[in-house]
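Observations on the three-dimensional arrangement
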Amino acid sequence: MSAIIKFTLDDQEVTAAPGETIWDISKRLGTTIPHLCHRDEPGYRADANCRACMVEIKGERVLAPSCRREPTEGMTVTTTSERATKSRNMVLELLLADQPDRQQAHDPDSLLWKWMDNANLSTSRFAAETAVPDADTTHNAMAVNLDACIHCNLCVRACREVQVNDVIGMAHRGSHSKIIFDFGDPMGDSTCVACGECVQVCPTGALMPSVVLDDQQVHTGKADRHVHSLCPYCGVGCQMTYHIKDDKIQHVDGRAGPSNENRLCVKGRYGFDYISHPHRLSKPLVRRDDAPKDPKEKLDPLNPYTHFREATWEEALDKAGSGFASIRDRDGYQALAGFGSAKGSNEEAYLVQKLVRQGFGTNNVDHCTRLCHASSVAALMEGINSGAVSAPFAAAKDADCIIVIGARPNQNHPVAASFIKNAAKRGATLIVMDPRGQGLTRHATHMLQFKAGSDVALLNAMIHTIIEEGLTDVQFVQGYTEGFDDIKEGVKDFSPEKMSKVCGIDAETIRTVARTYATAERSIIFWGMGISQHVHGTDNARCLIALSLITGQVGRPGTGLHPLRGQNNVQGASDAGLIPMFYPDYKLVTNDNPRTTYEDHWGKELDRERGLTVVEIMDAVHNDQIKGIYVMGENPAMSDPDAGHARQALAKLEHLVVQDIFLTETAMLADVILPASAFAEKTGTFTNTNRQVQLGRQVVSPPGDARQDWWIIQEIANRIGLNWSYTHPKDVFAEMRLTMHSLNGITWERLEREDVVTYPCDSEDQPGHDVIFSDGFPTATGRAKLVPTTLIPPDETPDDAYPIILTTGRVLEHWHTGAMTRRSDVLNGQEPEPFASLNPFQMGQLGIGPGDTIRVESRRGSVNLKARADRDIPDGMVFIPFCYHEAAANLLTNPQLDPVGKIPEFKFCAVKVEPIKSAQDAAE
Amino acid sequence: MTAKPKNRMARRSSFHPKGRQIDDQAAAEISALLGDQPRRRDLLIEHLHLIQDRFKHISAAHLAALASEMKMSMAEVYEVATFYHHFDVVKEGESTPPQLTIRVCDGIACEMKGAQALIAELGKSTGADVRVIPAPCVGACDHAPVAVVGQRQIHHATTKTVSDAALSGNITAEIPAYSNYDHYLADGGYKLWKDCLDGRHERAEVISKVRESGLRGLGGAGFPTGTKWGFLDNTPKPRLLAINADEGEPGTFKDRYVIDSDPHRLLEGALLAAWAVEAEEIYIYLRDEYPQSRVILQNEIGRLQKEEMTDGIKLHLRRGAGAYICGEESAMLESIEGKRGLPRNRPPFPAQKGLFGRPTLINNVETMYWIRAIVENDAGWYQEQGRPHFYSVSGRVNTPGVILAPAGISVRQLIEDHCGGMEVGHQFHAYLPGGASGGVLPADKGDLPLDFGSLDEHGCFIGSSAVVVFSEQDNIRDICRNLLHFFEDESCGQCTPCRVGCEKLLTLIDAPAWDKDLINDLSDTMRDASICGLGQAAANPVLSAIRFFGDDLS
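Residues numbered from 1 in each chain as written. Chains lettered and ligands numbered in written order. Predicted model: local features only at pLDDT ≥ 70, side-chain atom pairs only at ≥ 80, totals over all residues. Heavy atoms only, no water.

Regarding its fold elements, chain B presents 24 helices and 15 strands. Since a compact globule built from 554 residues should have a radius of gyration of about 24 Å, the 24 Å found for chain B is in line with a globular shape. The dimensions of chain B, computed from C-alpha atoms along their principal axes, are 75 × 65 × 50 Å. Nonlocal contacts in chain B, meaning residues at least 24 apart in sequence, comprise 69% of its contacts between residues at least 6 apart. Counting only carbon and sulfur atoms, one obtains 49% of the accessible surface of chain B, whose full area is about 20400 Å². If the 58 positive side-chain charges of chain B are averaged to one point and the 75 negative ones to another, these points end up 7 Å apart. (Helix = DSSP H or I, 4+ residues; strand = E, 2+ residues; numbered from the N terminus. Rg over C-alpha atoms; globule rule 2.2 N^0.38 Å. Contact = heavy atoms within 4.5 Å. Areas by Shrake-Rupley, 256 points an atom, 1.4 Å probe, with all protein chains shown as cover. Lys, Arg positive; Asp, Glu negative; His and termini not counted. Charge placed at Lys NZ, Arg CZ, Asp CG, Glu CD.)

So, on to unusual backbone geometry. Looking along the chain, the bond that leaves Arg346 of chain B and enters Pro347 of chain B is cis, with omega of -5°. Within the secondary structure, Pro347 of chain B is located in the loop between helix H15 (329-336) and strand E10 (360-364). Put simply, Pro347 of chain B and Pro348 of chain B share a cis peptide bond, and its omega is 0°. Inspection of the secondary structure puts Pro348 of chain B in the loop between H15 and E10. The phi dihedral of Asp642 of chain A is positive, around 50°, even though this residue is not glycine. Along the chain, Asp642 of chain A turns up in the loop between helix H23 (636-639) and helix H24 (643-652). Classification of Asp642 of chain A by relative accessible area gives buried; the value is 13%. (Buried < 20%, exposed > 50% of the residue type's maximum accessible area, 1.4 Å probe, protein only.)

This structure, assessed with the given rule, holds 34 aromatic pairs over all chains. A ring pair is formed by Phe582 of chain A and Tyr586 of chain A, whose centres lie 5.6 Å apart and whose planes are at 70°; its orientation type is edge-to-face. Residue classification places Tyr586 of chain A among the buried residues on the basis of a relative accessible area of 16%. Aromatic pair Phe223 of chain B and Phe231 of chain B: ring centres 5.8 Å apart, planes at 45°, arrangement tilted. Each member of the aromatic cluster is reached from another via a ring pair, and the members are Tyr257, Tyr369, Trp370, Trp381, Tyr382 and Phe390 of chain B. (Phe/Tyr/Trp six-rings, centres within 6.5 Å; stacked < 30°, edge-to-face > 60°.)

Glancing now at the pattern of salt bridges. All names here are of chain A. All told, the structure shown has 103 salt bridges over all chains when counted by the stated rule. With a closest N to O distance of 3.8 Å, Glu599 and Arg595 form a salt bridge. Pair noted here: Glu599 and Arg595 are both in helix H21 (residues 592-602), with a separation of four residues, about one helical turn. Taken as a pair, Glu599 and Arg595 share a single burial class, namely buried. Here Arg610 makes a salt bridge to Glu616, at a shortest N to O gap of 3.7 Å. (Salt bridge = Lys/Arg side-chain N within 4 Å of Asp/Glu carboxyl O.)

Size of an interface: often given as the accessible area lost when the parts come together. If you look at the interface, chain A gives 81 residues, while chain B gives 73 residues. Buried surface at the junction of chain A and chain B, summed over both partners, amounts to about 6500 Å²; 50% is from carbon and sulfur atoms. Applying the counting rule to chain A against chain B returns twelve salt bridges. Between Asp528 of chain B and Arg83 of chain A there is a salt bridge, with its nearest N and O atoms 2.7 Å apart. (Buried area = accessible area lost by both parts, 1.4 Å probe.)

All names here are of chain A. Inspection of the secondary structure assignment puts Asn688 in the loop between strand E29 (684-687) and strand E30 (692-696). The buried category is assigned to Asn688, whose relative accessible area is 1%. A polar contact of 2.9 Å, which involves the side chain of Asn688, links it to the backbone nitrogen of Asn690. With residues up to four places along the chain from it excluded, the contact list for Asn688 reads Gly235, Val236, Gly237, Ser259, Asn568, Gln571 and Gln694. (Polar contact = N/O pair within 3.5 Å; in protein donor to acceptor, adjacent residues only side chain to side chain.)

Moving on, we come to the side chain of Glu337 of chain B. Residue and element names in this part refer to chain B. Within the fold, Glu337 resides in the loop between H15 and E10. Engagement of the side chain of Glu337 in a polar contact is seen with the side chain of Arg344, the distance being 2.9 Å. Looking at Glu337, its side chain comes within polar contact range of the main-chain nitrogen of Phe356, at 2.6 Å. Not counting chain neighbours up to four residues away, the residues in contact with Glu337 comprise Arg41, Asp42, Arg344, Gly354, Leu355, Phe356 and Gly357.

Here we take up the environment of Ala274 of chain B. Residues and elements named next belong to chain B. When you line up the elements, Ala274 lands in helix H13 (residues 263-277). Here the alpha-carbon distance between Ala274 and Pro350, two residues 76 residues apart in the chain, equals 15 Å. Once residues lying within four places of it in the same chain are set aside, the contact partners of Ala274 are Leu241, Ala279, Ile282 and Ile313.

Let's shift gears to the sheet that holds strand E14 (residues 441-442) of chain B. Working definition: the strands of a sheet are paired by backbone hydrogen bonds and lie parallel or antiparallel to each other. Residues and elements named next belong to chain B. One open sheet accounts for five strands, arranged E12-E11-E15-E13-E14; its pairing is mixed. Each edge of the open sheet carries a strand with a single partner, namely strand E12 (401-405) and E14. Bridge count for strand E11 (residues 389-395) against strand E15 (residues 466-471) is four bridges, and the pairing is parallel. Looking across to E15, one finds that Val393 is bridged to Val467. (Pairing = 2+ DSSP bridges.)

Attention now moves to the sheet that holds strand E1 (residues 5-9) of chain A. All names here are of chain A. Pairing is mixed in the open sheet, where five strands are placed in the order E2-E1-E5-E3-E4. The sheet is open, and its two edges are formed by strand E2 (12-16) and strand E4 (64-65), each paired on a single side. For E1 and E2, the ladder comprises five bridges, and the chain directions are antiparallel. Each residue of the ladder has a partner; that of Leu9, found in E2, is Gln12. Strands in contact with helix H2 (residues 82-97) are strand E3 (54-57) and strand E5 (76-78); relative to E3, the strand with the most contacts, it is inclined by about 160°. (Axes fitted to C-alpha atoms, helices over the stretch in contact; angles between N-to-C directions.)

Below, the discussion takes up the packing of H2 of chain A against helix H21 (residues 516-529) of chain B. At a closest axis distance of 9 Å, the pairing of H2 of chain A and H21 of chain B adopts a crossing angle of 105°. With respect to each other, H2 of chain A and H21 of chain B are oriented roughly perpendicular. Side by side, H2 of chain A and H21 of chain B meet where Arg83, Lys86, Ser87, Met90, Val91 and Leu94 of chain A of the first sit next to Asp521, Leu522, Asp524, Thr525, Asp528 and Ala529 of chain B of the second. In the contact of H2 of chain A with H21 of chain B, the residues fall into five nonpolar, two polar and five charged. (Parallel < 35°, antiparallel > 145°, perpendicular 65-115°, else oblique. Nonpolar A, V, L, I, M, F, W, Y, C, P; charged D, E, K, R; others polar.)

In this section: a negative patch on the surface. All names here are of chain A. On the surface, Glu749, Glu752, Glu764 and Asp765 cluster together into a patch of negative charge. As for its placement among the helices and strands, Glu764 is situated in the loop between strand E31 (756-758) and strand E32 (784-785). What makes Glu764 partly exposed here is its relative accessible area of 44%. (Patch = residues over 30% accessible without salt bridge, like charges linked within 9 Å, V, L, I, M, F, W, Y side chains within 5 Å.)

Residues and elements named next belong to chain B. When pLDDT is averaged along chain B, the result is 95; 98% of the residues meet or exceed 70. Under a pLDDT of 50 for its full length, residues 1-10 has, in the predicted model, 24 contacts with residues more than four places off or in other chains. If you check the scores for this complex, the pTM reads 0.95 and the ipTM reads 0.96. (pLDDT = per-residue confidence, 0-100.)

All names here are of chain A. For E30, the tally of buried residues reaches five of five residues, placing the bulk of the element in the interior. Side-chain alternation along E30 places Gln692, Gln694 and Gly696 on one buried face and Val693 and Leu695 on a second face that is also buried. Of the pairings in the sheet, the one linking E29 to E30 comprises four bridges and is antiparallel in character. Counterpart to Gly684 in the pairing with E30 is Gly696. The hairpin turn running from E29 into E30, its antiparallel successor, is four residues long, and Arg691 in that turn takes a positive phi close to 65°. The pairing of E30 with E31 spans three bridges and is antiparallel. Residue pairing for E31: Val693 is matched across the bridge by Val757.

Taking burial as the measure, the eight residues of helix H12 (residues 254-261) of chain B include six buried ones, the bulk of the element. All buried positions along H12 of chain B are accounted for by Lys254, Asp255, Arg256, Val258, Ile259 and Asp260 of chain B.

Here's what the structure looks like:
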């Protein structure tokens, strides 16, 4: 790049860095030039269409837009000349002519009005346009009032260039130009995914969150305070600002966190209202003596008093603690288990595992990572001794080739998906591998819709190609890996030509994709549950690890392995030791070394055996081994495979304590229910999928008598013989730092100051390392291990009785089991009822029309729900989201486990699908 | 404002994924229609033409299927389809347009010859299967008034001749007699081109000859051509050449004349230019109003390729779709890329970052026309000839048409020496020296030389040398309204001064007494702050009227 540029700005000699615009420089020097279409934030290109920022450049015939214009050496720029000022004000006056009256404004404090005030403009000399567009209130989250639109195009850039949802456009031309959704459709009928980026950037109030407008589309008043915190949903870990009015969250905005750069998705932006849902638990409850546990019974979350009665905290905690103590003292520590939550903070996760290990005395502690990425973590630990991502998802920015396999980030990690789509738009090769079509398909260079469950065949054929064609990175393989010969031998029989029949992708495509990945300068792999939730999930992940290792596509910017973590704190909860085989930082419980350290710290002899995992714990209940379970913020009655079996186990327990914010399907079977705090009601640290440790700050108070989770855990601990005395989550964090190397350089105070620090981090005054493994792997030898794999078919393949493959997953609007999002007005309004997606052609064959009620039945159960026609679904498959308690997909799923990762095969089982012809059918 | 009551409704249906679904039959039709053509985004407008030509409109079902076929979003195709006047997008539940469309030109030359009356009469006399709509200048001002039935131009149109044409079913464009490849070759054509390829000329020599000839861009801006070619020096390859054949300035029809009479002179010029600046591909962007020119160019380019005459340079003919703004060079680039025709901010200039982000030379049709003669003749020849070029003369003269004359000729000379004088009963009163945007001058300024820069002090310019002559029977207010209406209609809508400015200015000049201060203030900002020449020049006729025709206004 060229050197520093010297030029004159308003009679001052100033310097500019290459790429800096006149607007940037002026702002840096303390003057913000008026701007409407220009948004000074990452991802927004200056478009220079509003012409409110014009400046005069000596020697040029016309004025220049300062937001876009870069100075050149010796240029003389005047921002304050009469000519420039007059022009800028005239632009504002032209726009003002067609604005709604400020007293009736959708946003009287908009950027537009700010600049009108700045120019002392309150009236325009021009007549208003006569045709005023009507309000579009068809969407349940956002109101469109184009009477305030100034055609600045920011919403188009937001939708197309930043979030890349491509719903908004500018149609027609001239004074007829109009912001449109799809084909000029009402917003609520369009393909809009409600990320709300357009609302966040609109400078006039033409696009607003509906909740801040009254029935006449007039603003109802500003928030009175705001708090910077995080989104409670997925592993992306978006930073956001909560705006609070009268102690209620009014709306939220995205913040410039490293993982989201101001972006949010529909869940983060509009899904905050669940915390004030009438179902919220606000008093401790204990089971009534006359209310036996029935695993098939559904309680009314609004009225738990059919089965529970209110209790004081004292009584409830005494009952919770004494129940565990008496089982432990009677049947031994192996009769107890605890589930923590990847929705809780790092401090809460640490406390739950400490309670179970120190207080219960067992390693029977687990959480939902078992159901998500356990197999990925198992393969990563085995191969490179680190379960975390090697690079943040923003590494897509630097990548030349991106593989997304078994992941649907458009739905499940929408903000991460936006960075992948940004990369594809920039020209990176995007390879999507998924049995179902999906939101990334349109952006993909190659879309490989392979046969469900044939991942290993496809991936080994790629490895085969790379080795056979000599495309490996020989130096990397020699320097940083071991077991290459095993892999080479292992994939011998996996030629693309042979595997083509197995996976349904033609050999030449497999070869092309393999070559592209191997030979690109920088390639990165993203994966999700489509890889992990199989009986061969660990093998799937082993293949991906091998792909990156043999080609040296790891450890450099734009390369790496990135399992997209699901929950907002699944990385942190795992790091904090909420896993039956590991202490914090993945120290094996069966090794003496870490155990004695913890025994010293915790003053107690600890369990020497690896504990049981989620599904194993349910089996152990059926086998009469486990009698008491503590569940903090999890919902195994919905999330476990073969949920009927899990519910029977929960009902059978002698003592079940559930700490949650709602009467979940699990809580319905509890003996004691402890009302806890929601995300926005607590302070703590959370670690996202990028290894970024971030501070979540309390936004509002918990309702009624609900309490902080760390306090509840401590109260239980102190009732089973422990003596804890934490006064704040930061005390817990300080204790974690004593034994957790991963928190080096990350202090509470630093997080309060900086909001986020990535680990690993060398010291308190250094940023953390985004990309790791640049110089070998954290194994004993410094080498990564290549592990060959074989073909293992899915456990339950279709047959004549059950001819269709069921796959499960999520929808954009609902989180996990739906406990939060089904209780959010906007989110539930968007996807209000259970459905099963099938290909329209297949529906025709089955005699099913869109919207018909159908029955989907497996060997384990059946559900009735509506059929949705979706061209993304291949023939022979049905997809059911698992968030609907009314038709819980997990009543059907197969609990068969991956032998290594112990993860169930949620992504594949056999079902039959039938239309329901009569009401009697439906009732059966 | 008229807010409807708030309606927090849930999604309308969970029977499908969000939004409009793809219709299987429409998808099959689109797939068949596109055949083996590439699905690249830059071909969007070409593909939209295929649908419009085939079905006479573009249904939402077809548009959605096209989006899916091209891996584009619905908004991306819809915003392009609705930007261009020649696409009729029909949403679900809307009625389709009649099979036949008659476009009556309401450009200034046709308007003064009774276009409005013709529109009104035709509207009454034609049936429901025909639609009569006004259209901006179709580039046949020398035959005003003009109606276009389907694609067939009816000159000196009357209700009868237009209705007869509509009934006859003969609605394809008439191909004029022109100098084809064989004629052109026989006349010494492509000798220079072959000489260049054979090494008898150096690139630098050709560029310097063009520079020294004094040839200036004849699309309107008048930028020295050789200098422009020089800008490509040292830019990264591949480089591209784009030929602007989107002649849309009202009153201009000389590029049509060039293509429809001597297309190979354009093509040889373009090849020479591409060779000189080492451009690998040539894009010719032709306005959709010239279907006969499209046929000619398609045939002759095909012939050139068949004869393997292009030395590996690829020639692409791209079709506009009814948007004046796409004659603005950077808007043209956007349109060639398949997008809405929005002019780009400069810098960067096309020579640095033009078509598809590549260094691009952009030249006008007529500019290319002169290249062969300039390079073939001795240095100084073009200067000695008086830097001749074509003037499009229309309006109240006896023999309007394309006039070849030296630079600096006056309008009075054009009228008297080349156009047979004024029409009987009309006295020379005013004229447009440069189409709709070049301002209006009174008859007492009729002896000014018409050349680049020569009218600056009068607030006017010659632009593409489109001279429209008015008599005392033509009302200056009406002329201003016609021209302003044109600009308001053709503004791309991108920047505030032009989008809102044109609309407000049109309102201001409708007032019985003009608010001259406000008009002047607004005009200043339109000129100073608009992105492109359209907005910068749109107020020119009004400013001229204030300056020269105060009496006519009061």
